[in-house]
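Residue-level structural notes
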Amino acid sequence: MPESKTRRRPGVGQEGEEPQAPRFRVLVVQQDGTDAATLERLLAEGGLHPFVKQVPDADVLRYVLQREPWHLVVADVDDASPERVLDAVRAARPGVEVILVAREVGHREILRGLQAGACDVIARDRLGHVLTTAQQIRRMDRMEQARNRVHEALTLHGRAVEAAGLGLIIADMRQPGLPVVYGNPAFEAITGLRPEEYLGRSCCDLQGFRTRAVDPQEIQQTLRRGASCRITLEKRRPDGSTAWSDLMLSPLRDRRGQVTHAVGLQSETRYRAIVEDQAEYVCRFRPDGTLTFANQAYGRMMGRDPEALIGANFLDWLPPEERERFLHHLATFTPEQPLRSIEHQVRMPDGTLRWQHWTDRALFDDDGVLVEFQSTGWDITERKQAEQEQAHLIEELDAFAHTVAHDLKSPLMTLIGFADVLEREHETLTLEQLREFAGHIGRYAHKMNNLIDELMLLANVRRAGVTTAPLDMGGIVAEALQRLGYLLDEHEPVLTQPETWPVAVGYGPWVAEVWVNYISNAIKYGGRPPHVTLGAEVQGDGWVRFWVRDNGDGLSPEAQSRLFRPFERLEQVKAGGQGLGLSIVRRIVERLGGTVGVRSEGAAGQGSEFSFTLPALASHGDAGPWSGAPGGLRPGLA
């Protein structure tokens, strides 16, 4: 659609106009729109291809922000309240940067604007400074778009590789011996190899003693000529059977055309596995599920002699929901489409559920009547578990990337704003003002550093191995309160805690993080002044329940259901916060074997109670009190 030729006031976009892409979209909040034309000219000279639209007030600003995406808001504080402008941006499209413009700008106006959430405060005769901020925003926007495209492609590629039914490995051609650097879950399921058994080893070492040993140098020479080669792998399973598979290696080139890796696609040699070792499950059954044949592997799976399985109905071993799905699967076979595959769960003789992959072939008579099915299957439980773990990790990676891109951006832009003001105004500022600005820069830098520390802790809790021990909970709480000294000074809460604590088992540094997150939330989101109560109770099931209560407005049931999710942003429930704390709490407590919880009536002043459980010191006697000094109490605390 060509761009409209309708004449318009310079610098002001018309409703419905479709700008040329990519445009840098700017909203100007001003009654007469005089700054819009100036900004459009400045941004165009800076190469940003601007699309500038003027709105008269904060109400129209909120409406326009909700309808379309924008990169920057420039607000004339002489025409519109800066607080209303910033509230409109936070409500309609949080993340959009705001620059406040006034006829005269002093130290106090700059400080107040930056603290309110603006990324810069400038005088009208210095509109040229908007270009610098706009260029920074455009660079960050392009970096985030590129990261999203790369991450989406990598995620799609990773899911495809992990979900592939064929085994896949990658070997490094640049290292001697052709070591394996990657194997997907299907490769592990087919071979029965664990990662520590094949990663770093030559793919040729995976050949068994009854297969022809191929020299790695011979394989590398073949691959560098651009040809593929096949090797046969043999793996002795723990039950004594042998897994045979063929591995087709093909060259993988870099951008310069150099062969750097070899990719191997693997498939099981079914005939050999069935005839020689019966490694796969093989059976035949009638359309109603009655078994007419089962091989030795199938018998071992069910813990019975294969002959004893003849006449049994394997549908009885499927969970009800899987049985219905499997019957629908059987109904889809036709003489034209006699071969299909399905993955489903089977209940084992010991009561556990295992995932299996089956390839079924329908056998029809000359009249097209279905007579029997012949099926080959294998266990894919480990693969399914790996897929679930990968899906969870991808979800956390998305949330992790979102947190890094957005939660670090806010303090970073504020820090840049303070630094820019110092660079421009340092000659006119007093020593006291310079110290004040430096203090703000330091606080925002510490805020970024704390966020990075929390991200690292959240990642390390998954991997780290710790030794649990009886906890001096009084000392741990005292340490948490000491770390929260700045919040205690700022909000002066009334804090109550027991003189003695029940003894639980855990890991002290992690439990301290739980208390820090719970107490800081109670102080920030409690009443004014905050009343924070800490407590614990020994439960009859061998657990100790610890809790923190506040006197805030409480949480609705819907809000409670969203808490503790990975990277759930708390400011969608209450104001402020990076959304990391409760994710850390949940992961820590679950790693220590406990659970987290929240109770709230959702009524003003009734507050909320956040809790976590840890194992009581049952194996060492009663979970009696541990005399630990409460410590860390300040004036005004109970």
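Look up: the structure comes first, before these words.
Residues numbered from 1 in each chain as written. Predicted model: local features only at pLDDT ≥ 70, side-chain atom pairs only at ≥ 80, totals over all residues. Heavy atoms only, no water.

Looking at the packing of helix α4 (residues 107–116) against helix α14 (residues 409–425)
It is the contact of α4 with α14, at a shortest axis distance of 10 Å, that shows an interaxial angle of 170°. The pairing of α4 with α14 is recorded here as roughly antiparallel in orientation. Our pair here, α4 against α14, has a crossing hand that is right-handed. Contacts between α4 and α14 involve I110, L111 and L114 on the former and, on the latter, T414, G417, F418 and V421. When grouped by side-chain class, the residues that make up the contact of α4 with α14 number 5 nonpolar, 2 polar and no charged. (Axes fitted to C-alpha atoms, helices over the stretch in contact; angles between N-to-C directions. Helix = DSSP H or I, 4+ residues; strand = E, 2+ residues; numbered from the N terminus. Parallel < 35°, antiparallel > 145°, perpendicular 65-115°, else oblique. Left-handed = near helix turned anticlockwise from the far one by under 90°. Contact = heavy atoms within 4.5 Å. Nonpolar A, V, L, I, M, F, W, Y, C, P; charged D, E, K, R; others polar.)

Considerations on the pairing of strand β3 (residues 72–76)
Taken across its 5 residues, β3 has 5 buried, putting it largely inside the fold. By the alternation rule, side chains of β3 split into L72, V74 and D76 and V73 and A75, which are all buried. Of the strand pairs in this sheet, strand β1 (residues 24–29) and β3 are connected by 4 bridges, and their pairing is parallel. Directly across from L27, in β3, lies its bridge partner V73. Inspection of the sheet shows β3 paired to strand β4 (residues 97–102) by 5 bridges, in the parallel sense. Residue pairing across strands places A75 opposite L100, the latter belonging to β4. Once the chain exits β3 it traverses helix α3 (residues 82–92) before rejoining the sheet at β4, and the crossover so formed is right-handed. (Buried < 20%, exposed > 50% of the residue type's maximum accessible area, 1.4 Å probe, protein only. Pairing = 2+ DSSP bridges. Right-handed = clockwise from strand over helix to strand, strands pointing away.)

Some details on the nonpolar core
One finds M473 and W515 to be the most contacted residues of the largest nonpolar core, which totals 40 residues. Looking at this core, the elements with two or more residues in it are α16 (473–483), α17 (485–491), α18 (508–525), β20 (531–538), β21 (543–549), α20 (581–591) and β23 (608–615). Broken down by element, the residue count for this core peaks at 10 residues, all from α18. Counting 35 residues, the second largest nonpolar core, distinct from the first, contains L61, V98, L100 and I110. (Core = buried A, V, L, I, M, F, W, Y, C linked by side-chain atoms within 4.5 Å.)

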